[in-house]
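Survey of secondary and tertiary structure
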Amino acid sequence: MASELSAGKKSLFPTNAIINRNFIIRVLENPKSNSVKNTKLRTANTISKLINDEKLKMKLFEKVLNGKADKYTFLIRNRLRIDFCSK
């Protein structure tokens, strides 16, 4: 039976794996027109796809990983609000 279980697959993006392990990510699209009840849980991989700007994405991820706060909220171009809450 032990041979049937295999080790987990290594992530191609280790930063995303660390963020997924330590944070809960909530995303609200178009925060001016949608209420807070419409937030959705997302993974770091989907955040990477939503944010096309590589520099901005790395800046956000570094701030979350290196910071001391329990919660970070980012508003990106008035169309995307991302909350990182530590587990």
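Preceding this section is the structure that the text describes.
Scope of this entry: the structure provided in the associated data block.

We now examine the nonpolar core. A general tendency of soluble globular proteins is for nonpolar side chains to be buried together. The biggest cluster of nonpolar side chains holds 16 residues, and the ones touching the most others in it are Ile19, Ile25, Ile47, Ile82 and Phe84. Put simply, the parts of the chain that give this core at least two residues each are β1 (23-29), α2 (44-50), α3 (54-66), β3 (71-76) and β4 (80-86). Apart from residues lying up to four places away in sequence, isoleucine 82 is in contact with Ile25, Arg26, Val27, Ile47, Ile51, Tyr72, Thr73, Phe74 and Ile76.

Moving on, we come to the pattern of salt bridges. Going through the model one piece at a time under the given rule, you end up with 3 salt bridges. A salt bridge links aspartate 53 to arginine 77; the nearest nitrogen and oxygen atoms lie 4.0 Å apart. One end of the pair, aspartate 53, is in the loop between α2 and α3; the other, arginine 77, is in the loop between β3 and β4, with 24 residues separating them in the sequence. By relative accessible area, aspartate 53 is classed as partly exposed at 34%. The partner of lysine 57 in a salt bridge is glutamate 54, and the shortest N-O contact between them spans 3.2 Å. Of this pair, lysine 57 and glutamate 54 both sit in helix α3, separated by 3 residues, roughly a single helical turn.

Now for the environment of isoleucine 18. Structurally, isoleucine 18 is set in helix α1 (residues 14-22). The class of isoleucine 18 is partly exposed, set by a relative accessible area of 34%.

Bringing the environment of asparagine 16 into the picture now. Take asparagine 16: it is sitting in helix α1. Sequence separation between asparagine 16 and asparagine 45 is 29 residues; the distance between their C-alpha atoms is 6.3 Å. In this structure asparagine 16 touches Ala44, Asn45, Ser48 and Phe61, once residues within four positions along its chain are discounted.

Note on placement: cysteine 85 falls in strand β4. Between the C-alpha atom of cysteine 85 and that of isoleucine 47, which follows or precedes it by 38 residues, the distance is 14 Å. Those residues within four positions of cysteine 85 in sequence are excluded, and the remaining contacts are Asn22, Phe23, Ile24, Asp70 and Lys71.

Conventions adopted
Residues numbered from 1 in each chain as written. Predicted model: local features only at pLDDT ≥ 70, side-chain atom pairs only at ≥ 80, totals over all residues. Heavy atoms only, no water. Core = buried A, V, L, I, M, F, W, Y, C linked by side-chain atoms within 4.5 Å. Buried < 20%, exposed > 50% of the residue type's maximum accessible area, 1.4 Å probe, protein only. Helix = DSSP H or I, 4+ residues; strand = E, 2+ residues; numbered from the N terminus. Contact = heavy atoms within 4.5 Å. Salt bridge = Lys/Arg side-chain N within 4 Å of Asp/Glu carboxyl O.

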